[in-house]
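Descriptive analysis of the structure
Here are the chains, one letter per residue:
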Amino acid sequence: GMAYQLPDEPSLVGIGLESPQRTVQRGATGQLKVSANYSDGSTRDVTALADFKSSETAFVEVDGSGSFVVGQQFGEGIVVVRYMGEVAISTISVAPERVLPAESYAELPRANLIDEHAIARWAQLGLLPSELCSDSEFIRRASLDLIGRLPAPARVREFLAEPSPDKREELVDELLSQPDWADRWALVWADLLRPNPDRVGVKSVYVLDQWLRESFRANKRYDQFAREILTVTGSTHRDGPAVIFRDRREPADLTTAISQVFMGVRLECAKCHHHPNEKWSQGDFYQLAAFFKDVRRKGTGVSPPISGSPEFVYFKPGGSVKHPVSGEVMAPKPPGGDLLAEVGGDPRAALADWLLAPDNPFFARAAVNRVWGAMMGAGIVNPVDDMRTSNPPSNPALLDALARDFVANGYDLKQLMRRIANSRVYQLSSTPNETNVGDTEHFSRAYRRRMAAEVMTDAVADVTGVPNRFEGMAPGARALQAWNFKLASDTLDAFGRPDSSEDCPCERNLSTSVVQALHLMNSDGLQAKLTDKGGRLAGLASGDLSEAQIIDELYLLCFARLPSEQERAIATGPFKLPGGTRQTACEDLLWALINSAEFVFNH
């Protein structure tokens, strides 16, 4: 008999929404309509079969049929629509009741491209920015952000007295040229890449840490930094990036880390099933994993807790990665990219070429978003490593412009930070006005944020003049120079350094806690620093400064500003206590300043 051949069924190529962006009033209702597009050009209404989910139910609620109800807030909400593995989003905006006239924005100062895009977004949302922050706030904020330390009182006095209109730009350049810059920023990437020494050995962790710090000391191009990690071969006792391949031994483990660190995408979900809020499938995950199929290792491997001898990471063709369900051997293919031809070389080099191409949709955007998040208290996409269609940027034009600028400037991290720190947006006050008091994602005011654990630990050592002691480190070493997460320190633990047993990449938890407040109030370590015979307070108490001068000095140390008249009157109290001495008065005053919100927060 004749074989009967079924006609080719058209395949699904994507889904679309009738009106993906709409502006409505508070309390409005509406209906989303979804159509499926097929390879033969046909479309079909699939609203009844699609799945709808609101990313912010307080803002907009949606039911299974695509009917939505908007709440009483202003701003923007996202509804994620899924059908047959395809994802689309609907952006529902609630226009502010009073949109401010265009002239309100025309006169706002613009220092660079960041301000242009921020002002355009504020105009859409009816937000006006806060005032410019004071010089005191700026020198403290920029010093903590760029070099992870408080400014010295003498430098603060000089800066406050300096009449030059360019003094903020000059300060930014000065901070970026300090050696502390490398330690501050190497720590950000150490959070993402540093393994537990119990797994890979103490020496390996130290070698990786030194490689990170040397990379930042040289201000290595960020694309070069990524390429060296992606394509490394060599010894875990000599070549820092090889340690990452010692720790992550399976292609799938490397995939989750590399995608999160360098693409800003959490592919972890797609390891076991289709990503719930994104188009990534299990196939996408294992095609990316296939780039690591030819990584081989020789040596003792990982033998906790010491892993004493080195391991060698090298390339040798012939490996394979299989799909866990179908068993199919996966060809290396980047997410959302085309299949890369293999030319017998290491597939990791092909992955690096794709990822580091100037027009790559992920790499530069992930980098600028991560730095922005570290300097501004929130990412343009937040969390900074969770870029997906269903978690869109709060300002897409700003993110794209910053990424293009980063590429145009040769992937220069210092230049990116210079751009951010010199923008008016970075220099806004954290005090809100009536239009922006509810703004938590559009940067119309500075967001107050807690100091990172190492910065906090060093700040206490600096203001008391008594350095910390860490085992395995030179006397006087700073917490920012700590090369692993296991060095004993109650302060570092209380203030949230990553747990060494967690699987990085770890974003820091910068929320406040009762533990932190109790630690600062009751810490024996802090008390010992306040009373130390060789510390700053002993020197001030026995020195020639008057009470008023001591008070000024302590305020400059902690807050980079002089006290107000009211504060000065209160601060003289401890000096007048019956039975008190200049030493006990200094201790009481500095203890109170360290325990204030103004000290703990970068504002």
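Report on the accompanying structure.

About the criteria used
Residues numbered from 1 in each chain as written. Predicted model: local features only at pLDDT ≥ 70, side-chain atom pairs only at ≥ 80, totals over all residues. Heavy atoms only, no water. Helix = DSSP H or I, 4+ residues; strand = E, 2+ residues; numbered from the N terminus. Rg over C-alpha atoms; globule rule 2.2 N^0.38 Å. Buried < 20%, exposed > 50% of the residue type's maximum accessible area, 1.4 Å probe, protein only. Contact = heavy atoms within 4.5 Å. Areas by Shrake-Rupley, 256 points an atom, 1.4 Å probe, with all protein chains shown as cover. Lys, Arg positive; Asp, Glu negative; His and termini not counted. Charge placed at Lys NZ, Arg CZ, Asp CG, Glu CD. Core = buried A, V, L, I, M, F, W, Y, C linked by side-chain atoms within 4.5 Å. Axes fitted to C-alpha atoms, helices over the stretch in contact; angles between N-to-C directions. Parallel < 35°, antiparallel > 145°, perpendicular 65-115°, else oblique. Left-handed = near helix turned anticlockwise from the far one by under 90°. Nonpolar A, V, L, I, M, F, W, Y, C, P; charged D, E, K, R; others polar. Pairing = 2+ DSSP bridges.

Counting secondary structure elements, the protein contains 25 helices and 15 strands. What you see for the protein is a C-alpha radius of gyration of 27 Å, in line with the 25 Å of a compact globule of 603 residues. Across its three principal directions, the C-alpha atoms of the protein cover 110 × 70 × 40 Å. By residue count, 54% of the 603 residues in the protein fall in the buried class. Pairs at least 24 apart in sequence give 66% of the contacts found in the protein among residues at least 6 apart. Carbon and sulfur atoms make up 52% of the accessible area of the protein, which amounts to about 26,400 Å² in all. Within the protein, the 79 negative side-chain charges are centred at a point lying 4 Å from the centre of the 64 positive side-chain charges.

This brings us to the nonpolar core. Within the largest apolar cluster, 147 residues are counted, with the highest numbers of intra-cluster contacts made by Trp189, Tyr222, Phe225, Phe262, Trp372, Leu413 and Phe599. The element best represented in this core is helix α6 (residues 180-193), accounting for ten residues. Aside from chain neighbours lying at most four places away, what touches Phe262 is Tyr222, Phe225, Ala226, Ile229, Leu355, Phe362, Phe363 and Ala366. Val24, Val60, Val79 and Val94 belong to the second largest nonpolar core, which has 22 residues in total.

Here helix α3 (residues 135-147) crosses helix α5 (residues 167-176) at 25 degrees, and the two axes come no closer than 10 Å. If you check the angle between α3 and α5, you find them roughly parallel. Considering only the axes of α3 and α5, their crossing is right-handed. Along its contact with α3, which presents Asp135, Phe138, Ile139, Ala142, Ser143, Leu146 and Ile147, the element α5 presents Lys167, Arg168, Leu171, Val172, Leu175 and Leu176. Along the lines of polarity and charge, the residues of the contact of α3 with α5 split into nine nonpolar, one polar and three charged.

Our focus in this paragraph is unusual backbone geometry. In this structure, Pro383 follows Asn382 across a cis peptide bond, with omega equal to -5 degrees. Summarising the element assignment, Pro383 is placed in the loop between α14 (363-376) and α15 (396-408). Unlike most non-glycine residues, Met84 shows phi in positive territory, near 50 degrees. Mapped onto the elements, Met84 comes out in the loop between β9 (75-83) and β10 (86-94). The exposure class of Met84 is exposed, given its relative accessible area of 64%. A positive phi angle, near 65 degrees, is found at Phe443, a position not held by glycine. Position of Phe443 among the secondary structure elements: in the loop between α16 (413-421) and β14 (449-450). Look at Phe443 and you get buried, because its relative accessible area is 4%.

Taking burial as the measure, the nine residues of β9 include seven buried ones, the bulk of the element. Here strand β6 (residues 51-54) runs beside β9; their pairing, made up of four bridges, is antiparallel. The residue bridging Lys53 from the neighbouring strand is Val80, located in β9. The turn linking β9 back onto β10 is made up of two residues, and Met84 within it adopts a positive phi angle of 50 degrees.

Attention now moves to the pairing of strand β8 (residues 67-70). Burial of β8 is one-sided: the residues Phe68 and Val70 facing one way are buried, the residues Ser67 and Val69 facing the other way are not. Of the strand pairs in this sheet, strand β7 (residues 60-62) and β8 are connected by three bridges, and their pairing is antiparallel. From the neighbouring strand, Val60 faces β8, where its bridge partner is Val70. Linking β7 to β8, which pair antiparallel, is a turn of four residues; within it Gly66 sits at a positive phi near 90 degrees.

Strand order in the open sheet formed by three strands is β3-β8-β7, with antiparallel pairing between adjacent strands. Edge positions in the open sheet fall to β3 (29-31) and β7, since each of these has one partner strand only. The sheet shows a mean angle of 20 degrees between the axes of neighbouring strands, direction not considered.

That's the geometry; what it means functionally is another story.
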